[in-house]
Amino acid sequence: MERIRVRFAPSPTGALHIGGIRTALYNYLIAKKLGGKFILRIEDTDQGRFVPGAEEYIVEALQWAGLIPDEGPGFGGAYGPYRQSERKSRYADYARQMIESGNAYYAFDTPEELEAAREAAKAQGIHTFKYDAAVRGQLKNSLTLSAAETRSRLDAGEPYVIRLKVEPGQDIAIEDMVRGEVTFRSDELDDKILLKSDGMPTYHLANVVDDRLMEITHVIRGEEWLPSTAHHVLLYRAMQWEDRMPRFAHLPLILKPDGKGKLSKRDGVRLGIPVFPLGWAGATPEESFRGFREFGFLPQAMLNFLAFLGWNPGTEQEMFSMEELIQAFSVEKIVKSGARFDYDKAKWFNQQYIHAADNAQLAEWVRPILAQNGYEPEQAYLEGFCGLMKERVTLIPEFWEKGAYFFTGVQEYDRAAVQKKWNPERRPLFDALAVSLSELTLAVWQGDPGEIKTATESFMQANGLKPGDVLPMLRIALAGTMQGPAVFEMMQLLGREESLARLAKAFGLFDTFIA
Ligand code: GLU
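Figured I'd write up the structure that's included with this text. Since the model is a prediction, treat every value here as computed from it, not as a measurement.

**Some details on the pattern of salt bridges**
The full count for this structure, using the stated rule, is 36 salt bridges. Across the salt bridge formed by Glu242 and Arg237, the nearest N and O atoms sit 3.4 Å from each other. A relative accessible area of 28% places Arg237 in the partly exposed class. Via salt bridges that share partners, Arg7, Arg41, Glu43, Arg87, Asp210 and Asp211 belong to a single interconnected network.

**Concerning unusual backbone geometry**
Following Gly80, the chain continues into Pro81 via a peptide bond in cis, with omega recorded as -5 degrees. On the secondary structure map, Pro81 appears in the loop between helix 2 (54-65) and helix 3 (88-100).

**Thoughts on the site of the ligand**
Close to the ligand lie Arg7, Ala9, Pro10, Ser11, Glu43, Tyr203, Asn207, Arg221 and Trp225, which account for all nearby residues. Interatomic distance of 2.8 Å between a side-chain N/O atom of Arg7 and an oxygen atom of the ligand. Note that a nitrogen atom of the ligand is positioned 3.0 Å from one of the side-chain N or O atoms of Ser11. Compared with its free state, where it exposes 290 Å², the ligand has 84% of that area covered by protein. When the residues that make up the shell around the ligand are grouped by side-chain class, the tally is 4 nonpolar, 2 polar and 3 charged.

**Points about the packing of helix 6 (residues 203-213) against helix 7 (residues 226-238)**
Viewed as axis vectors pointing N to C, helix 6 and helix 7 meet at an angle of 55 degrees, and their least axial separation amounts to 10 Å. In terms of their interaxial angle, helix 6 and helix 7 are classed as oblique. Crossing of helix 6 against helix 7: the hand is right-handed. Contacts from Tyr203, His204, Leu205, Asn207, Val208, Asp211 and Arg212 in helix 6 reach Ser228, His232, Leu235 and Tyr236 in helix 7. Tallied by class, residues from the contact of helix 6 with helix 7 come to 5 nonpolar, 4 polar and 2 charged.

**A word on the packing of helix 13 (residues 359-372) against helix 14 (residues 379-389)**
Direction vectors running N to C along helix 13 and helix 14 enclose 105 degrees, while the axes themselves pass 9 Å from each other. Judged by the inter-axis angle, helix 13 sits roughly perpendicular to helix 14. Mapping the contact onto sequence places Asn359, Ala360, Leu362, Ala363, Val366, Arg367 and Leu370 in helix 13 and Gln379, Leu382, Glu383, Phe385, Cys386 and Gly387 in helix 14. The residue inventory of the contact of helix 13 with helix 14, partitioned by class, reads 8 nonpolar, 3 polar and 2 charged.

**A closer look at the sheet that holds strand 3 (residues 104-107)**
Taken in spatial order, the 3 strands line up as 3-4-7 in an open sheet, and their pairing is antiparallel. What marks the edges here is a single partner per strand, and that holds for strand 3 and strand 7 (193-195). Across the sheet, the mean angle from the axis of one strand to that of its neighbour is 40 degrees, orientation sign disregarded.

How each quantity is defined
- Residues numbered from 1 in each chain as written.
- Predicted model: local features only at pLDDT ≥ 70, side-chain atom pairs only at ≥ 80, totals over all residues.
- Heavy atoms only, no water.
- Salt bridge = Lys/Arg side-chain N within 4 Å of Asp/Glu carboxyl O.
- Buried < 20%, exposed > 50% of the residue type's maximum accessible area, 1.4 Å probe, protein only.
- Helix = DSSP H or I, 4+ residues; strand = E, 2+ residues; numbered from the N terminus.
- Near = heavy atom within 4 Å.
- Polar contact = N/O pair within 3.5 Å; in protein donor to acceptor, adjacent residues only side chain to side chain.
- Areas by Shrake-Rupley, 256 points an atom, 1.4 Å probe, with all protein chains shown as cover.
- Nonpolar A, V, L, I, M, F, W, Y, C, P; charged D, E, K, R; others polar.
- Axes fitted to C-alpha atoms, helices over the stretch in contact; angles between N-to-C directions.
- Parallel < 35°, antiparallel > 145°, perpendicular 65-115°, else oblique.
- Left-handed = near helix turned anticlockwise from the far one by under 90°.
- Contact = heavy atoms within 4.5 Å.
- Pairing = 2+ DSSP bridges.

Just geometry here; none of it tells us what the structure is for.
Here is the structure:
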């Protein structure tokens, strides 16, 4: 049986876009589903675009998402090194081999000469100049120069590139697992550079050589790479590797929230939403941003959301654990059309995961935010807090934003609501209610909040008070706001002493709000 090997092959040119995480996820799911290997390969041959910290970012993002490579830089594996910059010598050998077999050639054209050729083409009305079969005969390469001339240029150390010799007049058909048969005409392709003048391979050469040497069986990547695949097929043919060519699956584009065009980094800034998995600290504030993690998403919620950007199980089920995704996922169900990045849906998933998470797990996520704000609550109190708030938040930081009063005390009261509802004449009754609550035993306070509720209700009944007169005032006294968890649950969590202190302080203040 074929051993399934898939790879995620990002270039470390900056923070990894959220689409990259989707690509990694789909590769991971296929590998796990078919008992294969998920490989991370860093495609860092374009030194001009190398960004320090980008590789670390990629690894951290995969780790945060739980998409742990079976092989890769720092992850071990028998096919390394997994960083292309460390594999440099291999590529040049293959490029030379292709020259020997007549599938590639040396080209010595200087940038100025190429510019002149481009201008000349333009003068003839050809605006997209291509270095191809139609023009290579007029340019300076080992197909037009004599063997001796080529040799002496090489010996003299003159700069050169190696180009793929694309034969015109061929059809190049690819059986894409998502798109079906896709055919390219070789006439439309240029003679791509394989090896650059600095001796580094281009993406095309390095990518194909490594897919072959790493025995990759399935190439699963974004749709933007579909046109390159034609060149890749030619490379497989030229190296006589066609029988071992991987199968290709090109994933649909991720579209802007309004569905118009491709989701870009700028959309994140424009709409104030995350379009990267993690934050990035750039040199200036404009170059820095927060990611899904900093916005307060749980990794599994992000993955569940991303899984649906281009795939669906064909059933009504939306919530999928990683195990369930692995079971349900299949390339056949990946869609061709672009997938809209619906941020509200991402938040919906997060909300579902927060509701479903247990309090101890939530406490782990919430604790660092409290610590940043100077609070180190007891574990039991924190878990109780998470339990009361979890149905009221969508993103993790909201635990603090909406529930800080559990730690800070009430900083601000909803004055308008107090002015509408508070009747100073009833003040003695509220004080009496506080006294009767203070007389409940500690066991009652620490037990079922229903008991505090019952005691309050019988007090109200005995004193002719309606719940609508009392409960909103208690709520504002405890929390400052009309929103938040149920009154008696708050009381139980805050405890007898704290609750009574908050009531006493608030009732005194409420009188002063009434002018
Ligand atoms: N290095 C390419 C990228 O940055 C890889 C494309 C592919 O998977 O072949 O996405």
